[in-house]
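Commentary on secondary and tertiary structure
Take a look at the letters that make up each chain.
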Amino acid sequence: MSVTYTAIDPEGRVLSYRDRKRWGWSLSVIWPLLPFAGIAAHHLSGHPGWLALPLVISYGLMPLLDALVGEDENNPPEAVVPQLDADRYYRWLTWVTVPLHFVALIGCAWWAGTQQLPWWAFGILAYAAGADSGLGLNTAHELGHKRDRLEQWLARLALAVPAYGHFTVEHGRGHHRWVATPEDHASARMGESIYRFALRELPGGIRRAWSLERERLAALGRAGWSWHNTMLQSYAVTLVLQGGLVAAFGWKMLPFLAIHNLVAWWQLTSANYVEHYGLLRRRLPGGGYEAPQPHHSWNTNHLVTNLVTFHLQRHSDHHAHPSRRYQCLRHFPDLPQLPSGYFGMFPLAYLPPLWFRVMDPRLLALPQVQGDPDRVNIDPRRRERIRRRILGKDAAGAA
């Protein structure tokens, strides 16, 4: 059933808007169940190689669909955004998705624990489950930015599946404050491979989250190691969930869960890497940074991947307006644009020479950069080499 929103714009005109993606957002709900496609194919065919089907769909079919279907630059009129935001249908979709992340992990663990799988198929299933739980981090991302107490708790539950309970603390109070600056370990630098970036981002997130949560609790007169610590609340659920899987299916769950958790974390690292690569906020005379603007995040309007990730790829508007719900996020002209959706960009990032060849020229051509290396967040280890390369090309061009 479609819904038409009607409002009066500032000039007194009547506006009507219908979200053409309203039912398409349900793809974000069912996407966590993708590993069951591989399990079903294995069951029907008897060949364990079919357990890789979710990975083939994600990293083979999805980039192709993004290329074929193309981009959607449609924005809701600002006058109807309050109604769109208040429509609880969109909230219910995110709420319903949370238990499905638990279902997916438990189902994959059950199959791994009860079937006689060769070691490589066991690893593939664990990897597919982890990639799927990486989407749980995206669900938690959408929920964790909301002030509603229920949604905050649902975010912690979603984070418990891949044992990443510190994320909402680190992301909301750390990354969003320091995004697109050299101080932010979750913002990739030009010339920095995703593998070197991961060595900063993964441990840095845990350290910063613990420090921020401890400061919050200290201001309330409470100890860091207490039930009031939101990170520990999520990790307690992880202990029950993953400890229960070990108890139910035996010690083989230990390598399964280790692979699952690491791959889920790697999914978030991949997203962080592509979302802010090389982008830099301007220093103000007082020493601080300008407020985050849409052009401080890489954006992509590829429709298919946006429909299965709750609009995560409209990351530019998200960082400029973090509390906006996914259905209200907007496209802006002249934004840093990725050439594909995330399912296409992640594998590209895993091949650093190819990533640099594709993304570095895009970065330098941005309106806010205009080929100036001083307007780019550059890896300090490669700063001089990159500066010489950029300035050398400019000099050659001028000659």
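The following refers to the structure shown. Position numbers for residues start from 1 in each chain and track the written sequence from start to end. Per-residue local features are limited, in this predicted model, to residues with pLDDT of at least 70; the limit for side-chain atom pairs, both in listing and counting, is 80 or more; totals at the level of whole chains, interfaces and linings are taken over all residues. Only hydrogens and water are set aside; all other atoms, that is, all heavy atoms of the structure, feed into the side-chain values.

Considering the side chain of His-101
Note that His-101 resides in helix α5 (residues 88–114). Other than its neighbours up to four places away in sequence, His-101 contacts Pro-32, Asp-132, Leu-135, Gly-136, Thr-139 and Val-161. Counting from the N terminus, the helices are DSSP H or I runs at least four residues long and the strands are E runs at least two residues long. Any pair of residues with heavy atoms lying within 4.5 Å of one another is described as a contacting pair.

Here we look at helix α10 (residues 230–249)
In this model, α10 (20 residues) spans 29 Å end to end at C-alpha, consistent with the 28 Å of a helix rising 1.5 Å per residue. Remark: exposure states derive from per-residue accessible area (1.4 Å probe, protein chains only) relative to the maximum for the residue type, with buried under 20%, exposed over 50%, and partly exposed in between. Of the residues making up α10, those classed as buried are Thr-230, Met-231, Gln-233, Ser-234, Thr-238, Leu-241, Gln-242, Leu-245 and Val-246. Those residues of α10 that are buried are in contact with α5, α7 (149–160), α8 (167–178), α9 (194–219) and α11 (253–276). Two N or O atoms form a polar contact when they lie within 3.5 Å of each other; inside protein one atom must be a possible hydrogen donor and the other a possible acceptor, and for residues adjacent in sequence the pair counts only when both atoms belong to side chains. Capping the start of α10 is the job of one residue whose side-chain oxygen sits 2.9 Å from the backbone nitrogen of Met-231: Asn-229. For a helix, the expected span equals 1.5 Å multiplied by the number of residues minus one.

Here we look at the packing of helix α14 (residues 342–349) against helix α15 (residues 352–364)
Orientation is described by lines fitted to C-alpha atoms, with helices fitted over the stretch in contact, and by angles between N-to-C directions that extend from 0 to 180 degrees. It is the contact of α14 with α15, at a shortest axis distance of 7 Å, that shows an interaxial angle of 120°. The angle between the axes of α14 and α15 places the two elements in the oblique class. Facing Met-345, Leu-348 and Ala-349 of α14, the residues of α15 in contact are Pro-352, Leu-354, Trp-355, Val-358 and Met-359. Classification used: nonpolar for Ala, Val, Leu, Ile, Met, Phe, Trp, Tyr, Cys and Pro, charged for Asp, Glu, Lys and Arg, polar for all others including Gly. Here the contact of α14 with α15 is built from residues that sort into eight nonpolar, no polar and no charged. We call two directions roughly parallel when the angle between them is under 35 degrees, roughly antiparallel when it is over 145, roughly perpendicular when it lies between 65 and 115, and oblique otherwise.

Quick look at the environment of Asp-334
By the secondary structure assignment, Asp-334 is in the loop between α13 (315–320) and α14. Separated by 34 residues in the primary sequence, Asp-334 and Gln-368 have C-alpha atoms spaced 9.7 Å apart.

Section: a nonpolar patch on the surface
Think of a patch as exposed residues, more than 30% relative accessible area, with no salt bridge, where like charges cluster within 9 Å and nonpolar side chains (Val, Leu, Ile, Met, Phe, Trp, Tyr) cluster within 5 Å. Residue-level accessible areas treat just the shown protein chains as cover; the underlying method is Shrake-Rupley with a 1.4 Å probe. Throughout this description, the term salt bridge denotes a Lys or Arg side-chain nitrogen within 4 Å of a carboxyl oxygen of Asp or Glu. On the surface, Leu-27, Ile-30, Leu-33 and Val-103 cluster together into a nonpolar patch covering about 300 Å² of accessible area. On the secondary structure map, Leu-27 appears in helix α1 (residues 26–30).

A closer look at the packing of aromatic side chains
When two rings of Phe, Tyr or Trp (its six-membered ring) have centres within 6.5 Å they constitute a pair, described as stacked for plane angles under 30 degrees, edge-to-face for angles over 60, and tilted for the intermediate range. Inspection of the entire model under this criterion finds 19 aromatic pairs. Both rings, one in Trp-110 and one in Trp-111, keep their centres 5.3 Å apart while their planes meet at 65°; by these two values the pair is edge-to-face. The exposure class assigned to Trp-111 is buried, which follows from its relative accessible area of 7%. Linked through ring pairs, Trp-23, Trp-25, Tyr-89, Tyr-90, Phe-310 and Tyr-326 together constitute an aromatic cluster. For a ring to carry a charge above it, either NZ of a lysine or CZ of an arginine must fall within 6 Å of the ring centroid while also lying within 35 degrees of the normal to the ring plane. Of note, Arg-22 hangs over the ring of Trp-23, and the distance from its end group to the ring centre comes to 5.6 Å. The ring of Trp-153 carries the charged tip of Arg-156 above its face, separated from the ring centre by 4.8 Å.

Notes on the pairing of strand β1 (residues 4–8)
Only one face of β1 is buried: it carries Tyr-5 and Ala-7, and the other face, with Thr-4, Thr-6 and Ile-8, is open. Bridging between β1 and strand β2 (residues 14–18) involves five bridges; their strand directions are antiparallel. Bridging across to β2, Thr-4 finds its partner in Arg-18. For two strands to be treated as a pair, DSSP must find at least two bridges joining them. Between β1 and the antiparallel strand that follows it, β2, lie five residues; Gly-12 among them carries a positive phi value of about 85°.

Remarks on the pattern of salt bridges
Following the criterion strictly, the structure yields 22 salt bridges and no others. In this structure, the salt-bridge partner of Arg-282 is Glu-290, at a minimum N-O distance of 3.9 Å. Using a relative accessible area of 13% as the deciding quantity, one classes Glu-290 as buried.

Here we look at the environment of Pro-82
If you trace the backbone, Pro-82 turns up in helix α4 (residues 81–86). Expressed as a C-alpha distance, the spacing of Pro-82 and Pro-367, which sit 285 residues apart in the sequence, is 32 Å.

A closer look at helix α2 (residues 35–45)
Along α2, the positions that sit buried rather than exposed are Pro-35, Gly-38, Ile-39, Ala-41 and His-42. Down the axis, α2 shows its buried residues gathered within 160° of arc, on one side only. Opposite its buried face, α2 presents the exposed residues His-43 and Leu-44, each directed more than 90 degrees away. Structurally, α2 contributes buried residues whose contacts are with α3 (53–69), α5 and α6 (119–144). Looking one or two places after α2, you find Gly-46, whose phi comes out positive at around 80°. Taken from the helix axis, the directions to the C-beta atoms give the arc we talk about.

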